[in-house]
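Inside the fold
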Amino acid sequence: MIVLLQVHDGHLLAKRFFNSANALSYDSIVKLATFGQDFVWKKKILDIAGNQGSVLDLACGTGILSCMLAARSRSITGIDLTIDYLRLAKKKKSDLFLANGTAELLPYRSGCFDAVVSSYLAKYIDTGMVVQECWRVLRPNGVVVFHDFTYPCGIVGSMWRIYFYILKLAGTFVRSWQAVFDGLDKLVLRTQWVKQTISALKSAGFENIKHTSLTGGTSAIVSAVKPSRS
Ligand SMILES: C[S@@+](CC[C@H](N)C(=O)[O-])C[C@H]1O[C@@H](n2cnc3c(N)ncnc32)[C@H](O)[C@@H]1O
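Residues numbered from 1 in each chain as written. Predicted model: local features only at pLDDT ≥ 70, side-chain atom pairs only at ≥ 80, totals over all residues.

Relative to strand E7 (residues 219-225), strand E6 (residues 207-214) is paired through six bridges, and the arrangement is antiparallel. Following the sheet pairing, Lys-210 is matched in E7 by Ser-223. Hairpin connection between E6 and E7: a loop of four residues separates the two successive antiparallel strands, and Thr-215 in this loop has a positive phi of roughly 45 degrees. (Pairing = 2+ DSSP bridges. Helix = DSSP H or I, 4+ residues; strand = E, 2+ residues; numbered from the N terminus.)

So this is what it looks like as structure tokens:
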């Protein structure tokens, strides 16, 4: 059977944002740009999906989350669109099983993972397709976790707007990150990933769906469990 995947806007954007020019600086930039919150958010993912035997890290990038998971889980598999990011992940931890590909079409057997996690992927994807693939590759009782930025309301929202303005200015000095710093605010403002993910998880048959807002609503986690009877 041949399955064709249509390239969508999220793919094009991700290809524009992440490339060989900014792969090496990614880890420092994510730490700086989130004021260290990235580590806190990833620890929350670990609290839900750590201690699982076999974990798939969707959009693993340079392997920050994969390496954190590796300390707690038996085997870590990662997949990402950007080959230069994957090369760095492999350098950090040579026993990660890595593949260059897309989260919408996973090159894995059905029912082979205990958990599927992702950090900063949800705003780039065809949510329905990715959730279907998560359902397919997860074992019964398997856990799925999506984490990404969200746009807060009220006073934190105003601070977030100022923050993105400063990020845009910074982009004029750091050329390899200009496209990201320029386009991230519109993307985060526009994305409906929390709503779409919850709805796709419900339609697919996932249970125990939970939504947790983090750091004043600047990011969120949506998690769910594939029921044991499936
Ligand atoms: C901001 S980075 C996050 C990397 C890593 N998850 C982390 O938390 O550090 C976003 C990553 O998503 C990847 N990506 C975007 N769309 C993707 C897709 N449809 N399938 C696989 N990877 C994707 C990009 O290549 C990039 O490495």
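Judged by nonpolar contacts, the single largest core of 50 residues is most densely connected at Val-116, Val-117 and Val-145. If sequence neighbours within four positions are ignored, Val-116 has contacts with Leu-56, Leu-58, Cys-134, Val-137, Leu-138 and Val-144. (Core = buried A, V, L, I, M, F, W, Y, C linked by C-beta atoms within 7 Å. Buried ≥ 20, exposed ≤ 12 C-beta atoms within 10 Å, placed from the backbone. Contact = placed C-beta atoms within 7 Å.)

Before going further, it helps to examine the sheet that holds strand E2 (residues 75-80). The seven strands lie next to each other as E3-E2-E1-E4-E5-E7-E6, forming an open sheet whose pairing is mixed. If you trace the sheet from one side to the other, it starts and ends with strand E3 (97-100) and E6, each paired once. Shown here is a sheet whose adjacent strand axes are inclined to one another by a mean of 15 degrees, direction ignored. Where E2 meets E3, four bridges bridge the pair, whose relative direction is parallel. If you follow Ile-79 over to E3, its bridge partner there is Ala-99. Relative to the sheet, helix H6 (residues 127-137) contacts strand E1 (54-58), strand E4 (113-119) and strand E5 (138-149), its axis offset from that of E5 by approximately 145 degrees. (Axes fitted to C-alpha atoms, helices over the stretch in contact; angles between N-to-C directions.)

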